[in-house]
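Reading the structure
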Amino acid sequence: MLLEAQIIRFLQLNTGVGFISFFQAVTLLGGLLGAFITFAILFFNDRKLSLVFVLTFICASVINYILKIIIARSRPFELYPDIVNYGNEDGYSMPSGHSMSAGLFVTFLLYLNVKSHSNKLTKTLCGIFLVLILGTIMLSRLVLGVHFLTDTIAGAIEGILLAIIAILLYNYYQKKSKKEQYQK
């Protein structure tokens, strides 16, 4: 944790007030704002997938809450008084809920991107943009002093894995449903 605290100190010491405000805004994308935006995009492209997203988001939030209680890791600003809590957070640190949400959002949107666009350049540019959003949200949690690097990595992995499981189940039931309709 000492190395991770050094990373946060470095980021906070080398980040101006304007960038702190920028990261405070970016971090909102890892919360309900990001969930709403993702839901809206999915809803207008694939209503069933948007429902799967909402159910997955709810389940992921519950799982994240349970993991935080089990792991019970203190936040960086609680362990190191020189780290500032620019995110006004409390509670446990591991895994990062914002990073989990961002991993979930980005994975669902990447899936929609691959499924919807035939142009390779569009797919690639969208994919890069989405991955940059995930990375920026994860970075925001460090700059704001509310998470260690491993918290954000664990959260993103959690969100990505839960999204992949949900998408695989969605595809399985979509194929099964089409197969049953074909047999009738």
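Residues numbered from 1 in each chain as written. Predicted model: local features only at pLDDT ≥ 70, side-chain atom pairs only at ≥ 80, totals over all residues. Heavy atoms only, no water.

Brief notes about the overall build of the protein
Helix and strand content of the protein: eight helices and zero strands. Within the protein, the proportion of its 184 residues that are buried is 41%. Of the contacts formed within the protein by residues at least 6 apart in sequence, a portion of 79% connects residues at least 24 apart. Taken as a whole, the protein presents about 10500 Å² of accessible surface, with 71% of it coming from carbon and sulfur. (Helix = DSSP H or I, 4+ residues; strand = E, 2+ residues; numbered from the N terminus. Buried < 20%, exposed > 50% of the residue type's maximum accessible area, 1.4 Å probe, protein only. Contact = heavy atoms within 4.5 Å. Areas by Shrake-Rupley, 256 points an atom, 1.4 Å probe, with all protein chains shown as cover.)

Concerning helix 6 (residues 97-116)
One turn of the α-helix equals 3.6 residues, which is why residues spaced by three or four share an orientation. In a regular helix each residue adds 1.5 Å, so 20 residues correspond to 28 Å; helix 6 covers 28 Å between its end C-alpha atoms and thus fits that length. Of all 20 residues making up helix 6, 15 are buried, and the element is well covered by its neighbours. With a side-chain oxygen positioned 3.1 Å from the backbone nitrogen of Ser99, the residue opening helix 6 is Ser96. (Expected span 1.5 Å × (residues − 1). Polar contact = N/O pair within 3.5 Å; in protein donor to acceptor, adjacent residues only side chain to side chain.)

Re the packing of helix 3 (residues 32-45) against helix 4 (residues 47-71)
For the pair helix 3 and helix 4, interaxial distance at closest approach is 6 Å and the crossing angle is 155 degrees. Between helix 3 and helix 4, the crossing angle belongs to the class labelled roughly antiparallel. Counting all contacts with helix 3, which are made through Leu32, Ala35, Thr38, Phe39, Leu42, Phe43 and Asn45, the residues of helix 4 involved are Arg47, Leu49, Ser50, Phe53, Val54 and Phe57. Looking at the contact of helix 3 with helix 4 residue by residue, the classes come out as nine nonpolar, three polar and one charged. (Axes fitted to C-alpha atoms, helices over the stretch in contact; angles between N-to-C directions. Parallel < 35°, antiparallel > 145°, perpendicular 65-115°, else oblique. Nonpolar A, V, L, I, M, F, W, Y, C, P; charged D, E, K, R; others polar.)

Considering the nonpolar core
In this structure, Leu42, Phe53, Leu104 and Phe108 are the most contacted members of the largest nonpolar core, which totals 26 residues. Within the residue set of this core, elements represented by two or more residues are helix 3, helix 4, helix 6, helix 7 (120-143) and helix 8 (149-183). Per-element tally for this core: the top contributor is helix 6, with nine residues. Once you skip the residues sitting within four places of it in the chain, Leu42 turns out to touch Arg47, Leu49, Ser50, Phe53, Phe108, Leu109 and Leu112. The next biggest cluster of nonpolar side chains, apart from the first, holds 13 residues, and it includes Phe77, Tyr80, Val146 and Phe148. (Core = buried A, V, L, I, M, F, W, Y, C linked by side-chain atoms within 4.5 Å.)

Observations regarding the environment of Met138
With respect to the secondary-structure elements, Met138 resides in helix 7. On a C-alpha basis, the gap between Met138 and Leu109 in space is 17 Å, while along the polypeptide they are 29 residues apart. Apart from residues no more than four positions distant in its own chain, Met138 is found in contact with Ser99, Thr152, Ile153 and Ala156.

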